[in-house]
Amino acid sequence: MFGPRGSTSAGAGRKEILSRSSVMGVRGLQGFVGSTCPHICTVVNFKELAEHHRSKYPGCTPTIVVDAMCCLRYWYTPESWICGGQWREYFSALRDFVKTFTAAGIKLIFFFDGMVEQDKRDEWVKRRLKNNREISRIFHYIKSHKEQPGRNMFFIPSGLAVFTRFALKTLGQETLCSLQEADYEVASYGLQHNCLGILGEDTDYLIYDTCPYFSISELCLESLDTVMLCREKLCESLGLCVADLPLLACLLGNDIIPEGMFESFRYKCLSSYTSVKENFDKKGNIILAVSDHISKVLHLYQGEKKLEEILPLGPNKALFYKGMASYLLPGQKSPWFFQKPKGVITLDKQVISMSSDAESREEVPMCSDAESRQEVPMCTGPESRQEVPMCTGPESRREVPMYTDSEPRQEVPMCSDPESRQEVPMCTGPESRQEVPMCSDPEPRQEVPMCTGPEARQEVPMYTDSEPRQEVPMYTGPESRQEVLIWTDPESRQEIMCTGHESKQEVPICTDPISKQEDSMCTHPEINQKLPVATDFEFKLEALMCTNPEIKQEDPTNVGPEVKQQVTMVSDTEILKVARTHHVQAESYLVYNIMSSGEIECSNTLEDELDQALPSQAFIYRPIRQRVYSLLLEDCQDVTSTCLAVKEWFVYPGNPLRHPDLVRPLQMTIPGGTPSLKILWLNQEPEIQVRRLDTLLACFNLSSSREELQAVESPFQALCCLLIYLFVQVDTLCLEDLHAFIAQALCLQGKSTSQLANLQPDYINPRAVQLGSLLVRGLTTLVLVNSACGFPWKTSDFMPWNVFDGKLFHQKYLQSEKGYAVEVLLEQNRSRLTKFHNLKAVVCKACMKENRRITGRAHWGSHHAGRWGRQGSSYHRTGSGYSRSSQGQPWRDQGPGSRQYEHDQWRRY
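These numbers were taken from a predicted model, which means no experiment stands behind them.

**Q** What is the right way to read the overall build of the protein chain from this model?
**A** Secondary structure summary: the protein chain contains 30 helices and 35 strands in total. A buried classification covers 60% of the 909 residues belonging to the protein chain. Counted over contacts in the protein chain with a minimum sequence separation of 6, partners at least 24 positions apart contribute 70%. Summing over all exposed atoms, the protein chain offers an accessible surface of approximately 36,300 Å²; the carbon and sulfur share of this is 48%.

**Q** What am I meant to see in the pattern of salt bridges here?
**A** Two side chains that carry opposite charge are able to pair once their charged atoms sit near each other. Tallied over the full model, the rule gives 30 salt bridges. Among the ionic pairs, Arg27 bridges to Glu123, the shortest N-O distance being 3.0 Å. Placement of the pair is Arg27 in the loop between α1 (8-21) and α2 (29-35) and Glu123 in helix α6 (residues 121-145), with a sequence separation of 96 residues. When sorted by exposure, Arg27 lands in the same class as Glu123, which is buried. Residues Lys845 and Glu708 are paired through a salt bridge, measuring 3.5 Å at the closest nitrogen-oxygen approach. Taken together, the residues span a long stretch of sequence, with Lys845 in helix α30 (residues 830-849) and Glu708 in helix α22 (residues 706-710) at a distance of 137 residues. For Lys845, a relative accessible area of 46% translates into the label partly exposed. By relative accessible area, Glu708 is classed as buried at 13%. Each of the salt bridges in this network shares a partner with another, and the network as a whole consists of Arg27, Glu123, Arg127 and Asp255.

**Q** Quick question: what am I supposed to make of the nonpolar core here?
**A** Nonpolar side chains in soluble globular proteins tend to be buried together. Membership of the largest hydrophobic core comes to 150 residues, with the highest contact counts inside it found for Phe46, Trp75, Phe97, Phe101, Met595, Trp681 and Phe700. In terms of domain composition, this core takes at least three residues from each of domain 1 (20-235) and domain 3 (571-848).

**Q** How should the sheet that holds strand β3 (residues 107-112) be read in this particular structure?
**A** Strands in a sheet are paired, the pairing made by backbone hydrogen bonds, and the direction either parallel or antiparallel. Read from one edge to the other, the open sheet built from seven strands follows the order β1-β7-β6-β5-β2-β3-β4, with strand pairing classed as mixed. Taken across any chain shown, the strands that pair with only one partner, and hence form the sheet edges, are β1 (41-45) and β4 (174-177). In this sheet, neighbouring strand axes are inclined to one another by 30° on average, regardless of whether the strands run parallel or antiparallel. Judged from the three bridges that link them, strand β2 (residues 63-67) and strand β5 (residues 197-200) form a sheet pairing that is parallel. Residue pairing across strands places Ile64 opposite Gly197, the latter belonging to β5. Relative to the sheet, helix α7 (residues 160-170) contacts β3 and β4, its axis offset from that of β3 by approximately 155°.

**Q** Is there a simple way to think about a nonpolar patch on the surface in this case?
**A** Side chains of Val297, Leu300 and Tyr301 sit close together on the surface and give an oily, nonpolar patch of about 260 Å² of accessible area. Mapped onto the elements, Tyr301 comes out in helix α13 (residues 282-301). Given a relative accessible area of 30%, Tyr301 falls into the partly exposed group.

**Q** I would appreciate a short explanation of the environment of Leu329 in the present structure.
**A** Its place among the elements puts Leu329 in the loop between α15 (317-325) and β8 (344-347). Placed 138 residues apart in sequence, Leu329 and Leu191 show a C-alpha to C-alpha distance of 8.4 Å.

**Q** Please clarify how helix α12 (residues 263-272) should be interpreted in this entry.
**A** An α-helical segment advances 3.6 residues per turn. Residues three or four places apart therefore align on the same side. Listed as buried for α12 are Phe265, Arg266, Cys269 and Leu270. In a view along the axis of α12, the buried residues occupy a sector of 140°, so they form one face of it. Exposed positions of α12 whose direction lies more than 90 degrees from the buried face are Ser264, Lys268, Ser271 and Ser272.

**Q** I'm lost on the packing of α7 against helix α26 (residues 766-788) in this one. Help?
**A** Axes are the key here: two packed helices are described by the angle between their axes and the distance separating the axes. Packing of α7 against α26 brings their axes to within 10 Å, and their N-to-C directions diverge by 55°. Comparing their axes, α26 and α7 come out oblique. The interaxial crossing formed by α7 with α26 has left-handed handedness. Side by side, α7 and α26 meet where Val162, Phe163 and Phe166 of the first sit next to Val776, Leu779, Thr780 and Val783 of the second.

**Q** Sorry, what's going on with the packing of aromatic side chains here?
**A** Geometrically, a pair of aromatic rings is defined through the distance of the ring centres and the angle of the planes. Counted according to the given criterion, the structure contains 24 aromatic pairs. Ring geometry for Phe46 against Phe101: centres 5.6 Å apart, planes inclined by 55°, an arrangement best described as tilted. Residue Phe46 is found in helix α3 (residues 46-56), and its partner Phe101 is found in helix α5 (residues 87-103); the two are separated by 55 residues along the sequence. For the pair Phe46 and Phe101, a shared accessibility class is recorded, and that class is buried. On the basis of an interplanar angle of 70° and a centroid distance of 5.3 Å, the ring pair of Phe262 and Phe320 is categorised as edge-to-face. Taken together, the residues Phe262 in the loop between α11 (245-252) and α12 and Phe320 in helix α15 connect sequence positions 58 residues apart. A single burial state applies to Phe262 and to Phe320, both of which are buried. Ring pairs connect the aromatic residues Phe46, Trp75, Phe97, Phe101, Phe110 and Phe214, which therefore count as one cluster.

**Q** Teacher, can you tell me more about α26 here?
**A** Taking 1.5 Å per residue as the helical rise, α26 with its 23 residues ought to reach 33 Å, and the 33 Å between its terminal C-alpha atoms agrees with that figure. Burial of α26 is extensive: 22 of the 23 residues sit out of reach of the surface. Two or three places before Arg767, at the start of α26, stands the capping residue Asn765, its side-chain oxygen 2.8 Å from that residue's backbone nitrogen. Just downstream of α26 lies Gly790, where phi reads positive at about 90°.

**Q** Would you mind showing me how to read the pairing of β2 here?
**A** The buried fraction of β2 amounts to five of the five residues, a majority that puts the element mostly inside the structure. The two faces of β2 match: Thr63, Val65 and Asp67 on one face and Ile64 and Val66 on the other face are all buried. Looking at chain direction, β2 and β3 are connected through five bridges and run parallel. Following the sheet pairing, Val66 is matched in β3 by Phe110.

Parameters and conventions
Residues numbered from 1 in each chain as written. Predicted model: local features only at pLDDT ≥ 70, side-chain atom pairs only at ≥ 80, totals over all residues. Heavy atoms only, no water. Helix = DSSP H or I, 4+ residues; strand = E, 2+ residues; numbered from the N terminus. Buried < 20%, exposed > 50% of the residue type's maximum accessible area, 1.4 Å probe, protein only. Contact = heavy atoms within 4.5 Å. Areas by Shrake-Rupley, 256 points an atom, 1.4 Å probe, with all protein chains shown as cover. Salt bridge = Lys/Arg side-chain N within 4 Å of Asp/Glu carboxyl O. Core = buried A, V, L, I, M, F, W, Y, C linked by side-chain atoms within 4.5 Å. Domains from an automatic or database assignment. Pairing = 2+ DSSP bridges. Axes fitted to C-alpha atoms, helices over the stretch in contact; angles between N-to-C directions. Patch = residues over 30% accessible without salt bridge, like charges linked within 9 Å, V, L, I, M, F, W, Y side chains within 5 Å. Arc of directions from axis to C-beta. Parallel < 35°, antiparallel > 145°, perpendicular 65-115°, else oblique. Left-handed = near helix turned anticlockwise from the far one by under 90°. Phe/Tyr/Trp six-rings, centres within 6.5 Å; stacked < 30°, edge-to-face > 60°. Expected span 1.5 Å × (residues − 1). Polar contact = N/O pair within 3.5 Å; in protein donor to acceptor, adjacent residues only side chain to side chain.

See below:
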């Protein structure tokens with residue numbers, strides 16, 4: 001339905017894709033909604049909804065939060081997808097999409113995934129391995145039929161997510177990149193900013209208690225009709241309340257909880273479920289059965305027993321609680337967390353009462369949201385008579401109780417204990433956007449607050465010492481697995497951190513890069529180095545660490561989400577702040593991930609695993625990444641030390657993805673020395689631009705070709721840099737390949753979008769398919785290098801819609817392979833002929849400096865078959881991977897997690 005063409009066949013194709021891609025979110029829920037509960041889907045019109053929103057909230061622009069990652073396959077409307085991407089057509093489709101909503105007076109906010117959370121890594125790997133099998137079938141089809149497969153085998157072009165960010169920013173749209181997986185930030189933004197709704201394709205949005213959820217797959221762009229999926233109607237059908245949906249989602253399985261974890265439990269529910277109808281499918285039966293069990297059995301024990309006492313959680317209870325809490329947005333509470341808090345907790349010298357004392361009748365006035373300029377109504381708790389601000393969804397008329405701390409101006413999610421009828425504030429890191437409930441120790445009846453740092457993704461449970469009645473936070477070191485206590489001095493009321501006598505190891509806690517404040521620290525006399533302190537940007541909790549050998553384990557049942565501890569690779573808070581800003585504003589690619597977590601990933605690429613002559617893009621561009629690592633991790637104590645390595649989750653043929661590749665930085669030589677990031681990023685002097693360019697060329701190891709590249713006009717400078725690097729790296733690239741790459745870039749400049757759409761290559765060549773994807777991955781690598789070096793080149797110069805078109809390249813490749821003259825490749829355009837020879841001369845001259853002579857296919861020797869790299873190289877391609885011939889050991893055969901790359905071992909000369 002969606003798309004400029006709006007054709008029925010296109011819509012049918014997209015719905016077919018939906019059936020293949022609907023694994024995102026809760027397992028089986030998408031199919032259940034379509035087959036069993038179609039009444040929860042209501043056809044709505046965005047124009048009408050926007051008009052209603054404007055009348056209800058005068059002066060407030062109707063805003064839709066877009067989960068961009070869910071929308072990519074629906075935005076990509078060009079019929080050709082196999083050749084590397086029809087980027088001009090795609091850009092035009094995005095422009096039409098934005099124009100249509102703008103004309104209706106609707107503002108769009110686009111969110112992209114900024115990183116893969118560790119809890120979802122297994123699911124990410126599972127999907128990538130599934131994609132590998134799909135790619136194998138695609139290449140098998142191409143070799144058999146010499147044509148693009150049908151839309152049912154559609155695979156999004158490489159780099160689509162990265163370049164969509166820049167396309168939307170070029171179109172003037174607010175585009176954000178998340179600091180975790182985007183669905184939580186999308187749901188949170190939609191709730192907090194009183195948005196019209198969420199546009200995406202992920203059943204998790206039915207579980208979040210947030211603004212309305214609209215389907216991108218059902219969108220008709222011409223009329224702006226789509227389908228709204230109503231979570232309230234879903235609850236009516238299942239006999240549940242909205243607060244039960246996270247529990248249902250975890251029992252069914254989602255991106256955090258593996259589907260098989262509760263398989264036997266679900267079938268036990270199914271066997272005892274008596275209201276099964278014959279026309280319900282198996283998945284539908286299970287969802288109804290589990291919902292019935294929740295409403296009729298689990299509700300009886302709610303608030304009286306912990307979840308692990310009424311569910312077969314076993315060793316998975318910590319993961320289960322984390323999955324449950326991952327659906328709680330700021331200001332929300334879950335009745336399923338079993339807690340009995342008493343007393344008060346002091347946060348930043350603010351006393352927050354957790355008591356439901358009937359005497360407490362403090363009145364709280366109406367508060368207004370500074371951004372939306374709307375008043376937030378307050379409601380009064382039935383027991384405490386204390387007013388709590390309510391969040392009201394724009395359409396659903398649901399009110400969500402919120403607890404706000406007036407001083408830090410941050411909403412604190414509440415957990416309620418149904419038995420004690422007390423509400424418990426949840427400690428929320430301002431940047432991590434994850435809540436951690438306050439829990440209590442049932443024996444001493446003392447509060448057990450949870451504490452998290454703003455960047456930390458690991459929970460820090462606080463134990464209470466029954467004797468001195470002091471709060472004792474617990475911290476578990478990620479590597480040493482030692483538990484570290486944070487204790488409070490009852491006299492000074494200061495939290496103190498120290499290390500045990502025998503501990504010679506620094507145990508850092510996360511530091512908020514935004515905060516420029518340094519917290520006081522104390523160290524044990526035997527420890528010479530100061531330990532960074534966990535700083536909460538809002539609450540400014542000061543802590544010092546000490547080890548306690550007596551406390552051995554944590555109780556995961558008393559906590560909400562387990563937030564992973566993150567120790568940043570780079571300690572310079574000013575530089576981290578800049579990197580973080582560029583990341584959030586979607587202006588860079590992978591830079592902040594490298595500097596913060598030291599872990600990056602790259603999804604599948606259309607690569608033929610059976611083609612031994614062409615290496616994977618993961619290997620070809622690795623030396624560039626290694627040099628970028630040395631630049632970004634400059635302030636580490638020893639950038640070449642064996643302990644410093646970036647974890648790469650890159651998909652390539654033969655990689656089982658059981659562990660990341662450990663890739664070490666690679667030092668580079670830059671004229672005048674390697675400049676610091678502060679110089680590259682913060683110094684605005686004109687002469688620094690020269691150093692930025694020198695650094696960029698050094699990352700490609702092309703410093704010697706600086707003069708030749710500077711003589712190339714825009715936008716071909718970046719393309720020439722990339723082509724030189726490729727042809728030096730890969731010996732199996734020939735002169736015909738170079739002609740095709742240059743010819744398509746020149747011809748692209750004079751073609752309209754409709755001309756490109758009407759191109760039809762004679763047939764599809766599998767090698768040309770891989771070369772197209774290889775070049776696009778090179779363009780994404782340019783984005784990484786350019787942002788790491790302080791943007792010496794204009795980003796537009798290497799956006800694919802300016803330098804590459806998949807079908808056009810395929811056409812030129814086939815013509816060049818057949819021996820067509822250069823004049824034919826350039827479509828008899830004489831002005832292009834001069835530019836062609838100039839660009840070719842630059843590439844060939846630079847390659848000759850590296851002892852790489854580019855020859856035609858007719859001059860190839862036998863060494864080009866089944867091998868890549870310079871002739872005589874000590875590296876060769878084997879059946880199991882790339883290995884050093886002198887060693888005879890395929891690198892993939894090394895121990896798990898032990899693969900480390902330190903030298904430029906992929907360079908082929």
